[in-house]
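Examination of the molecular architecture
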Amino acid sequence: MSVMVARKKVVRKWEKLPGRNTFCCDGRIMMARQKGIFYLTLFLILGTCALFFAFECRYLAVQLSPAIPVFAAVLFLFAMATLLRTSFSDPGVIPRALPDEAAFIEMEIEATNGTVPQGQRPPPRIKNFQINNQIVKLKYCYTCKIFRPPRASHCSICDNCVERFDHHCPWVGNCVGKRNYRYFYLFILSLSLLTIYIFTFNIVYVALKSLKIGFLNTLKETPGTYPSTSLTVLTVLEVLICFFTLWSVVGLTGFHTFLVALNQTTNEDIKGSWTGKNRVQNPYSHGNIVKNCCEVLCGPLPPSVLDRRGILQQEENTAQEESCPREPSAQDPTVAQGPGGQAEESSAQQKGGSVPAPSLSDAEVPEEKQLTSGELPVPSQDAGQAEH
């Protein structure tokens, strides 16, 4: 005898989300699949700061001020916090249309454009939207089956539409969009300050050592105990890393400061959306640098619309076989009945008087068994006559 048992398997929504993202910690962490350069970013920051705290900071804290390593630690922690917040968060991914929604949108497009003869290219799928008395075109995404909101774009690497898409940054291992742009800007700003700080005090360290023992002796100095722990080779390596980082990170920070002041994205700047031949004015700019900075960096942060940790329930039917039949017992009333049924009735009358009549619940037991096995109960003819 086999019984079908329905078991519910709890599945989170992040397990069924399309796109090329990876999730960790039960959907709490969301990143792109290509994370190799992100690990390089962590290695460069952690390695450079570890060398600086281990060697130069000890000497500078004694010779100059103990506030030097404290301020460096604050910059380091702030840069790491904003980096992880940028890398592990939802940048503003827009959910794809459900099959019913996609079919409805397709019907609307066909009704608007009409039938296109064979051999002719269908018109572009565009909707006009007005922002600050200016027409903005909403483009249709053939992958997500939606009309993208203003300033949204489809990331070819993550294969998702991102709201207020700025760019895909491999150094942080994630897209940069509406929900994590401020953290990305704070990260590159704090990293620039940290790089300048370490680079400056590395030069100060070499200068102080050169004043005491000479520049050539400083370069020839070998690792030793404190205070002769310069490790010149590692110091030069730190200086080189900071020097080349200054050109990229500080320049990137200046470029994004310019974009924030204009309330513009990198994607819009590359495409020339507001500075092209048409000379269309940016409808999102307030015409004031302070207002633009407040909106981009201090405005309310919208919640994620993905609901990554929402629950999807799936039922799995498993069959369980009962190989051992139930053995009859002496207390079972069905075993106590003989062929005639007289001895059993008399013994029952001797112990408790008369034999109790079957109750309504006992009469319904066969019907309940039929219901649990999946068959519908069929009324008998006697029951039909009784109703008449």
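Conventions used here
- Residues numbered from 1 in each chain as written.
- Predicted model: local features only at pLDDT ≥ 70, side-chain atom pairs only at ≥ 80, totals over all residues.
- Heavy atoms only, no water.
- Helix = DSSP H or I, 4+ residues; strand = E, 2+ residues; numbered from the N terminus.
- Buried < 20%, exposed > 50% of the residue type's maximum accessible area, 1.4 Å probe, protein only.
- Contact = heavy atoms within 4.5 Å.
- Areas by Shrake-Rupley, 256 points an atom, 1.4 Å probe, with all protein chains shown as cover.
- Salt bridge = Lys/Arg side-chain N within 4 Å of Asp/Glu carboxyl O.
- Pairing = 2+ DSSP bridges.
- Axes fitted to C-alpha atoms, helices over the stretch in contact; angles between N-to-C directions.
- Parallel < 35°, antiparallel > 145°, perpendicular 65-115°, else oblique.
- Nonpolar A, V, L, I, M, F, W, Y, C, P; charged D, E, K, R; others polar.
- UniProt positions renumbered as here; feature names shortened; annotations may be inferred.
- Expected span 1.5 Å × (residues − 1).
- Lys, Arg positive; Asp, Glu negative; His and termini not counted.
- Core = buried A, V, L, I, M, F, W, Y, C linked by side-chain atoms within 4.5 Å.
- Patch = residues over 30% accessible without salt bridge, like charges linked within 9 Å, V, L, I, M, F, W, Y side chains within 5 Å.
- Disulfide = S-S within 2.5 Å.
- Polar contact = N/O pair within 3.5 Å; in protein donor to acceptor, adjacent residues only side chain to side chain.
- Phe/Tyr/Trp six-rings, centres within 6.5 Å; stacked < 30°, edge-to-face > 60°.

To continue, consider the overall build of the protein. When you go through the protein residue by residue, the secondary structure sums to 12 helices and 12 strands. The proportion of buried residues among the 388 residues of the protein is 34%. Pairs at least 24 residues apart make up 65% of the contacts formed inside the protein by residues separated by at least 6 positions. Counting every atom, the protein has about 24,900 Å² of accessible surface; 60% of that belongs to carbon and sulfur.

Scanning all chains against the criterion turns up four salt bridges. Linking glutamate 268 and arginine 151 is a salt bridge whose minimum nitrogen-to-oxygen distance equals 2.9 Å. Of this pair, glutamate 268 sits in helix α7 (residues 266-271) while arginine 151 sits in the loop between β7 (146-147) and β8 (153-155), placing them 117 residues apart in sequence. Linking lysine 178 and glutamate 163 is a salt bridge whose minimum nitrogen-to-oxygen distance equals 3.4 Å. With lysine 178 in the loop between β11 (174-176) and α4 (181-213) and glutamate 163 in the loop between β9 (160-162) and β10 (167-169), this residue pair connects regions lying 15 residues apart in the sequence. Here lysine 178 falls in the partly exposed class, since its relative accessible area comes to 34%.

We now examine the pairing of strand β5 (residues 126-131). With six bridges joining them, β5 and strand β6 (residues 134-141) adopt antiparallel strand pairing. Residue isoleucine 131 lies in a different strand from β6, and its bridge partner there is glutamine 134. If you look at the hairpin formed by β5 and β6, you'll find two residues sitting between the two strands, and asparagine 132 has a positive phi there, around 50 degrees.

Read from one edge to the other, the open sheet built from three strands follows the order β4-β9-β8, with strand pairing classed as antiparallel. Bordering the open sheet on either side are β4 (93-94) and β8, each of which pairs with just one other strand. Summarising the sheet, β4 and β9 pair through two bridges and their orientation is antiparallel. Pairing of valine 93 across the sheet is with valine 162, part of β9.

So, on to the sheet that holds β7. Sheet architecture is open: three strands sit in the order β5-β6-β7, paired in antiparallel fashion. Looking along the sheet, the strands with just one partner apiece sit at the ends: β5 and β7.

Here we come to the packing of helix α1 (residues 36-63) against helix α2 (residues 67-87). If you want to describe how two helices pack, look at the angle between their axes and the distance between the axes. Close contact between α1 and α2 brings their axes to 10 Å; oriented N to C, the two are set at 170 degrees. On the basis of their axis angle, the class for α1 and α2 is roughly antiparallel. Taking contact as the criterion, the partners of Phe38, Thr41, Leu42, Ile45, Leu46, Cys49, Phe52, Phe53, Cys57, Leu60 and Ala61 in α1 are, on α2, Ile68, Pro69, Ala72, Ala73, Phe76, Met80, Leu83, Leu84 and Ser87. Residues belonging to the contact of α1 with α2 are distributed by class as follows: 18 nonpolar, two polar and no charged.

Our next topic: the UniProt feature "transmembrane region" (unreviewed entry) in the protein. UniProt annotation of "transmembrane region" (unreviewed entry) refers to residues 37-55, 67-84, 183-208 and 228-250 when read in the numbering used here. Across residues 37-55, helical content stands at 100% and strand content at 0%; the span's end C-alpha atoms are separated by 27 Å. Across residues 67-84, helical content stands at 100% and strand content at 0%; the span's end C-alpha atoms are separated by 26 Å.

With 21 residues, α2 should reach 30 Å at 1.5 Å per residue; the first-to-last C-alpha distance of 30 Å fits that figure. The set of residues buried in α2 consists of Ile68, Pro69, Ala72, Leu75, Phe76, Ala79, Met80, Thr82, Leu83, Thr86 and Ser87.

With that settled, the discussion passes to the side chain of arginine 182. Within the element layout of this structure, arginine 182 appears in helix α4. One buried charged side chain, arginine 182, makes no salt bridge at all; its nearest oppositely charged neighbour is glutamate 295, positioned 9.1 Å away.

Further remarks concern the nonpolar core. Core analysis: the largest hydrophobic core is formed by 35 residues, its most contacted members being Ile45, Phe52, Leu83 and Phe187. Those elements giving two or more residues to this core turn out to be β3 (29-32), α1, α2, α4 and α6 (232-262). It is α4 that provides the largest number of residues to this core, a total of 11 residues. For phenylalanine 187, the contacting residues outside a window of four places in its chain are Thr41, Ile45, Ala79, Thr82, Leu83 and Val172. Counting 10 residues, the second largest nonpolar core, distinct from the first, contains Cys158, Val162, Cys175 and Leu306.

Our focus in this paragraph is a nonpolar patch on the surface. Together, Ile37, Leu40, Phe43, Leu44 and Trp171 make up an exposed nonpolar region whose accessible area comes to about 490 Å². Here isoleucine 37 lies in helix α1.

Any covalent bond linking the sulfur atoms of two cysteines counts as a disulfide. Tallying each qualifying case throughout the model produces zero disulfides. This cysteine, cysteine 144, is not joined by any disulfide, and cysteine 161 carries the nearest cysteine sulfur, 3.6 Å off.

It is worth spelling out the side chain of threonine 48 at this point. By the element assignment, threonine 48 lies in helix α1. In terms of polar contacts, threonine 48 uses its side chain to reach the backbone carbonyl oxygen of leucine 44, at 2.7 Å. Beyond its immediate stretch of four places on either side in the chain, threonine 48 contacts Phe43, Ile198, Glu238, Ile241 and Cys242.

As a further point, take the packing of aromatic side chains. As enumerated under the stated definition, the model contains 14 aromatic pairs in all. The interplanar angle of 50 degrees and the centroid separation of 5.4 Å between the aromatic rings of phenylalanine 71 and tyrosine 197 together place this pair among those described as tilted. With phenylalanine 71 in helix α2 and tyrosine 197 in helix α4, this residue pair connects regions lying 126 residues apart in the sequence. By relative accessible area, which is 45% here, phenylalanine 71 ends up partly exposed. Residue tyrosine 197 is classed as buried on the basis of its relative accessible area of 13%. Between tyrosine 140 and tyrosine 142 the ring centres are 5.2 Å apart and the planes differ by 90 degrees, which places this aromatic pair in the edge-to-face class. Relative accessible area serves as the criterion here: at 5%, tyrosine 140 is assigned to the buried category. Feature note: the residues Phe199, Phe243, Phe244 and Trp247 constitute an aromatic cluster, connected by ring pairs.

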